[in-house]
Amino acid sequence: MRHIISILLENEAGALSRVAGLFSARGYNIESLSVAPTEDETLSRLTLVTRGSDEIVEQITKQLNKLVDVVRLQELTEGPHIEREMMLIKIKASGKDREESKRIVDIFRGHIIDVTETTYTIELTGNCNKLNAFLQALGSVDIIEVVRSGVSGIARGDKGLRV
Amino acid sequence: MVLTGAEIFTKSLKDEGVEFIFGYPGGAVLHIYDALFKQEKVKHILVRHEQGATHAADGYARATGKTGVVLVTSGPGATNAVTGIATAYMDSIPMVVFTGQVASELIGDDAFQEVDAVGITRPCVKHNFLVKDVRDLATTIKKAFYIASTGRPGPVVIDIPKDITAERCEYSYPKAITMRSYAPTVKGHPGQIKRAVDLLLNARRPMIYTGGGVIAANGNKELTRLVQMLGYPCTNTLMGLGAYPATDPLFVGMLGMHGTYEANMAMHECDVLLTVGARFDDRVTGDLNKFCPQARIIHIDIDPASISKNVPVEIPIVGSVETVLTEMLKMLEASKKKPDADALKNWWHRIDDWRAMECLNYEQNDVLIKPQYVVETLYKITDGDAIVTSDVGQHQMWAAQFYKFNKPRRWISSGGLGTMGFGMPAAMGAQLAYPDSLVACITGEASIQMCIQELSTCKQYGLPIKVLVLNNRYMGMVRQWQEFFYDRRYSHSYMDALPDFVKLAESYGHIGMLIEKPGDVEGAIKEALKQKDRMVFMDFITDQKENVFPMIEGGKGHHEMRLGPCSAVVPTDRELA
Ligand SMILES: Cc1ncc(C[n+]2csc(CCOP(=O)(O)OP(=O)(O)O)c2C)c(N)n1
């Protein structure tokens, strides 16, 4: 099962390595990890995607909670939530591919944010499935590079993860 | 008052009430050593190796319940301390370790004696800090002591760059501290406690299994009352010995790999298991697939992550052992329902049958000293009143099996990490804390050599520790496994070229004794104990072939113990009620 865990972390040197170290030391996997400061400069917000049985994810959240730098934690996948990921993708766009790929970008509501004679750079935001579907839809188009931000997520409704 | 970082260090320790600091100097901590020189409150104990400093602080902490304190220099000072930090971490021992660091501006330059101490220790500390501003120093020290000693205790490392110890700022030591990201749960959930009490009272074959958490929380009195009020059997883990009086009839001995037959069988057949401050370690549970197949499990622990980690439990209670047990006792006292006396009587019959197997039996002849006999004799002569430390191996198991601890904090042993070299330095910490108590270190000829240089520290501080080496000329525990599981191929487990321990002890200024005959054991120990002010190093030449029994081998369950050659065989035909 795929789980998304949201963490408020003390914005201290070494805090991120404690989180990453916990995963490697205990043999848990991290599918994606995104982290950035919040409006409160003493806190970072971290979104972590992992896979495992419910028991393993329960252990992961307990172990994370034990880290002194972890201030609050929430498993987003336990309730209704929204997840988004941004992808930047550079493709070969010449000949008939140029028209075709533009059409696919429009269908997926992406933006072409940089253009050269032979390439497009595209920005696309959505959940994981949408980004994967887009990559598939590109089919035989030659992909030069793909950059994904990792998932960010937030719970639906009026509750929030804060101190 | 404006002070230098080094003065803030010593002042903070004094304000924290620190008695002893175990350390070893070096370039990065010279300002601190200078400040230590100029004060008298905090006594510095100079060890001979940083590993010794950490084990000594650890032994002090285990014997007293207070936080052990260590000071080492950067680079090799810090790396030498890592084994002791990991040892304390695995056994949840409160400890604060200060490591010197190169000056802030040199960090990251591969400067002389630079290591990333925070990075190296991160996986084996409860928390660690790098101090970046002298104005944070006092608060960081306060936080470290708070974190180390509360919740599930553990070691905390503070890495201090040299320049910080020279800089100045206004000093004030915080009286108390709160941290938004750290607030351990102390009180257990009343609803859960109620459910636990109901389940306990409905048990027909109950079992109480307790660990080091009871000792850490000073919950032994509450545990003892609970067990005696219910009349249920109680077993302790290696880490938990002394939490329940070992000579009490309700105590069925230690459980686990080298636990007693009766404790392990009772685990296997119990229908309700109350686990207190223990963590279902693999050396305790045997094969998890065969673990307590009939039991409904209650687990009290301060660390939520210990609950349902290895074994799923039905009633988890997060909280301090002492607080939760107090609540339980209140409910039990108020309860009209009492334990089922008939069921309990049948259960005890069954346990007594297992007891009659006499699984720890051994036979002392008049030629070779049996290691068990040495421990048993020490136990009898000291009336069970010594503080006993151990190293790791067969001798550790015999110490745990044959020295009966009636009080907590008398048994000091590296359970989780299993660190050879722990015993003697740990004994130093205990002896410093209790100068008038008898402190004995039961060890093997291999283990003792891992921190042998601390004999010099013992001389310097006049520590009258009694060292008992059970000298089998083998890494006995390794040899035992090779005998059982590797067709007697004794690969590199023979201790060749051993020193003459008597001369070695004498060269450090201690008394050395060589004991080779069973008939001399008792006299020798009595003689050694008369030496109240001197360290005595006793080299017992023991039977090389002796093995630790009973034993749960790999992949086996509690009910599949291998018994030793001397246990009585008693048929158990009584059926379960
Ligand atoms: C630092 C360290 N290295 C290796 C081991 C593995 N080990 C466990 S017991 C043992 C043998 C101990 O021999 P000794 O101290 O003579 O005790 P005995 O088993 O003979 O009583 C060894 C090597 C360990 N526990 N610790």
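The structure displayed is predicted, hence computed values, not measured ones.

Visitor: Help me understand the interface of chain B and chain A in this model?
Guide: In many analyses, interface size is given as the accessible surface area lost on bringing the parts together. Facing 17 residues of chain B, the contacting portion of chain A comprises 19 residues. Both sides together, the interface formed by chain B and chain A hides about 1400 Å², and carbon and sulfur atoms give 47% of it. On the chain B side of the interface with chain A, the three residues burying the most area are Arg122, Arg180 and Ser181 of chain B, jointly 44% of the side's total. Counting across the chain B and chain A interface gives 2 salt bridges.

Visitor: Hey, could you run me through the nonpolar core in this one?
Guide: The tendency in soluble globular proteins is for nonpolar side chains to be buried side by side. Residues and elements named next belong to chain B. With 100 residues, the main nonpolar core has Leu273 and Met328 as its most contacted residues. With residues near it in sequence (within four places) discarded, methionine 328 still touches Ile193, Ala196, Val197, Leu200, Leu226, Leu274 and Ile300. Listed in part, the 46 residues of the second largest apolar core include Phe22, Ala86, Ala88 and Ala427.

Visitor: Can you walk me through the packing of aromatic side chains in this structure?
Guide: Residues and elements named next belong to chain B. Inspection of the entire model under this criterion finds 21 aromatic pairs over all chains. Pairing tyrosine 146 with tyrosine 182 gives two aromatic rings, centres 5.5 Å apart and planes at 85°, and the pair type is edge-to-face. Within this pair, whereas tyrosine 146 is found in helix H6 (residues 137-149), its partner tyrosine 182 is found in the loop between strand E8 (168-170) and helix H8 (190-201), the two being separated by 36 residues in sequence. With a relative accessible area of 22%, tyrosine 146 lands in the partly exposed category. Owing to a relative accessible area of 9%, tyrosine 182 belongs among the buried residues under this scheme. Ring geometry for tyrosine 403 and phenylalanine 405: centres 4.9 Å apart, planes at 35°, overall tilted. Chaining the aromatic ring pairs together yields one cluster made of Tyr379, Tyr403, Phe405 and Trp411.

Visitor: Explanation requested: the sheet that holds strand E3 (residues 43-51) of chain A in the structure shown.
Guide: Backbone-to-backbone hydrogen bonds join strands into a sheet, with any given pair of strands oriented parallel or antiparallel. All names here are of chain A. Read across the sheet, 4 strands follow the order E2-E3-E1-E4 without closing on themselves; strand pairing throughout is antiparallel. The open sheet has two edge strands, strand E2 (32-37) and strand E4 (70-75), and neither has a second partner. Here the average twist between neighbouring strands, direction ignored, is 15°. Where strand E1 (residues 2-10) lies against E3, 9 bridges are found, and the strand directions are antiparallel. In the sheet register, isoleucine 5 faces E3, and the bridge partner there is leucine 48.

Visitor: I'm lost on helix H13 (residues 321-334) of chain B in this one. Help?
Guide: Since the α-helix turns once every 3.6 residues, residues separated by three or four places project in the same direction. For H13 of chain B, which comprises 14 residues, the first-to-last C-alpha distance of 20 Å matches the rise-based estimate of 20 Å (1.5 Å per residue) to within 8%. What H13 of chain B keeps buried is the set Val321, Thr323, Val324, Leu325, Met328, Leu329 and Leu332 of chain B.

Visitor: What should I look at first to understand the confidence of the model for chain B in this one?
Guide: Close inspection of predicted coordinates is inappropriate in any region flagged by low pLDDT. Residue and element names in this part refer to chain B. Mean pLDDT over chain B stands at 96; residues scoring 70 or higher make up 98%. Counting interchain partners and residues more than four positions distant, the pLDDT-below-50 stretch residues 570-577 has 13 contacts. Interface confidence for the predicted complex, expressed as ipTM, amounts to 0.93; the pTM equals 0.96.

Visitor: How do you make sense of the state of the cysteines when you look at a structure like this?
Guide: When the sulfur atoms of two cysteines share a covalent bond, that bond is a disulfide. Residues and elements named next belong to chain B. Scanning the entire structure with this criterion turns up 0 disulfides over all chains. Just so you know, cysteine 566 is unpaired, no disulfide at all, and the nearest cysteine sulfur is the one on cysteine 359, 12 Å from it. By relative accessible area, cysteine 566 is classed as partly exposed at 23%.

Visitor: Can you help me understand helix H15 (residues 371-382) of chain B in this one?
Guide: Residue and element names in this part refer to chain B. For H15, which comprises 12 residues, the first-to-last C-alpha distance of 17 Å matches the rise-based estimate of 16 Å (1.5 Å per residue) to within 8%. Within the span of H15, buried status applies to Pro371, Gln372, Val374, Val375, Thr377, Leu378, Tyr379 and Thr382. Those residues of H15 that are buried are in contact with helix H16 (394-402), strand E17 (439-444), strand E18 (466-471), helix H21 (521-530) and strand E20 (536-541).

Visitor: So what exactly am I meant to see when it comes to the site of the ligand here?
Guide: All names here are of chain B. As a matter of local geometry, the ligand sits amid 17 residues, with Gln394, His395, Gly418, Ser447 and Gly476 nearest to it. Here an oxygen atom of the ligand and a side-chain polar atom of glutamate 445 are 3.5 Å apart. In the model, an oxygen atom of the ligand is placed 2.9 Å from a nitrogen or oxygen of the methionine 477 main chain. A total of 3 residues in the shell around the ligand trace back to one element, the largest contributor, which is helix H19 (residues 476-485). Here the shell around the ligand is built from residues that sort into 8 nonpolar, 8 polar and 1 charged.

Visitor: What should I look at first to understand the side chain of histidine 258 of chain B in this one?
Guide: Secondary-structure assignment places histidine 258 of chain B in the loop between strand E11 (251-254) and helix H11 (261-269). When sequence neighbours within four positions are dropped, the list of residues in contact with histidine 258 of chain B reads Met397, Gln401, Met477, Gln480, Val548, Pro550 and Met551 of chain B.

Visitor: Hey, could you run me through unusual backbone geometry in this one?
Guide: Among all residues except glycine, the phi angle is most often negative; among peptide bonds, the trans geometry is most common. Residues and elements named next belong to chain B. A cis geometry characterises the amide bond from phenylalanine 549 onward to proline 550, with omega recorded as -10°. Its location among the elements puts proline 550 in the segment after E20. Positive phi, normally seen in glycine, also occurs at aspartate 383, with a value near 60°. One can find aspartate 383 in the loop between H15 and strand E15 (387-390). Overall, aspartate 383 belongs to the exposed group, its relative accessible area being 67%. Although it is not a glycine, aspartate 487 adopts a positive phi angle of roughly 50°. You can see aspartate 487 is positioned in the loop between H19 and helix H20 (501-507).

Visitor: Even after reading the chapter, I still don't get the confidence of the model for chain A, so can you show me in this structure?
Guide: Summary statistics for chain A give a mean pLDDT of 95 and a share of 100% for residues scoring 70 or more. The spread of mean pLDDT over the elements of chain A runs between helix H3 (residues 96-107) of chain A, the lowest at 93, and strand E7 (residues 119-126) of chain A, the highest at 98.

Visitor: Sorry, what's going on with the pairing of E3 of chain A here?
Guide: Consecutive residues of a regular strand have side chains that alternate between opposite faces of the sheet. Residue and element names in this part refer to chain A. Within E3, 7 of the 9 residues are buried, leaving the element largely enclosed by the surrounding structure. Where E2 lies against E3, 6 bridges are found, and the strand directions are antiparallel. What sits directly across from valine 35, in E3, is leucine 46. Hairpin connection, E2 to E3: the antiparallel pair is bridged by 5 residues.

Visitor: Explanation requested: the packing of helix H10 (residues 220-230) of chain B against H13 of chain B in the structure shown.
Guide: The angle between the axes and the distance between the axes are what describe a pair of packed helices. Residues and elements named next belong to chain B. Contact geometry for H10 and H13: axes closest at 9 Å, N-to-C directions at 30°. If you check the angle between H10 and H13, you find them roughly parallel. Crossing geometry of H10 relative to H13 is assigned as left-handed. In this structure, H10 contributes Glu222, Leu223, Arg225, Leu226, Met229 and Leu230 to the contact, and H13 contributes Glu322, Leu325, Thr326, Met328, Leu329, Leu332 and Glu333.

Thresholds applied
- Position labels on residues start from 1 in each chain and follow its written sequence.
- Chains and ligands are labelled sequentially in the order written, the chains with letters from A and the ligands with numbers from 1.
- pLDDT decides what is reported in this predicted model: residues at 70 or higher carry local features, side-chain atom pairs at 80 or more are listed and counted, and totals for whole chains, interfaces and linings draw on all residues regardless.
- Side-chain descriptors were evaluated using all non-hydrogen atoms of the structure, hydrogens and water having been removed beforehand.
- Any two residues whose heavy atoms approach within 4.5 Å are treated as being in contact.
- Each of two parts loses accessible area, computed with a 1.4 Å probe, when they are put together; buried area is these two losses added.
- Throughout this description, the term salt bridge denotes a Lys or Arg side-chain nitrogen within 4 Å of a carboxyl oxygen of Asp or Glu.
- In these notes, a set of buried Ala, Val, Leu, Ile, Met, Phe, Trp, Tyr and Cys residues joined through side-chain atoms within 4.5 Å is what counts as a nonpolar core.
- The cut-offs for exposure are 20% and 50% of the maximum accessible area for each residue type, with area from a 1.4 Å probe on protein chains only; residues under the lower value are buried, those over the upper are exposed, and the others partly exposed.
- For Phe, Tyr and Trp, rings pair up if their centres lie within 6.5 Å, where Trp contributes its six-membered ring, and each pair is then called stacked (planes under 30 degrees apart), edge-to-face (over 60) or tilted (otherwise).
- Only DSSP runs of H or I with at least four residues qualify as helices, and only runs of E with at least two residues qualify as strands; both kinds are numbered from the N terminus onward.
- A pair of strands is labelled paired if DSSP reports no fewer than 2 bridges between them.
- Fitted lines through C-alpha atoms give the axes, limited to the stretch in contact for helices. The angle between two N-to-C directions lies from 0 to 180 degrees.
- What a helix should span is 1.5 Å times the count of its residues minus one.
- pLDDT expresses, on a scale from 0 to 100, how confident the predictor is about each individual residue.
- Cysteine sulfur atoms that come within 2.5 Å of each other are treated as a disulfide pair.
- Note on definitions. A residue lies near a molecule or strand when any single heavy atom of the residue is within 4 Å of it.
- Think of a polar contact as two N or O atoms within 3.5 Å of one another; within protein, one of them needs to be a possible hydrogen donor and the other a possible acceptor, and neighboring residues in sequence only count if both atoms come from side chains.
- For this scheme, ten residues count as nonpolar: Ala, Val, Leu, Ile, Met, Phe, Trp, Tyr, Cys and Pro. Four count as charged, namely Asp, Glu, Lys and Arg, and the remainder, Gly too, count as polar.
- When describing relative orientation, an angle under 35 degrees is termed roughly parallel and one over 145 degrees roughly antiparallel, while 65 to 115 degrees is termed roughly perpendicular and anything else oblique.
- In a left-handed crossing the near helix is turned counterclockwise from the far helix by less than a right angle, and in a right-handed crossing that turn is clockwise.

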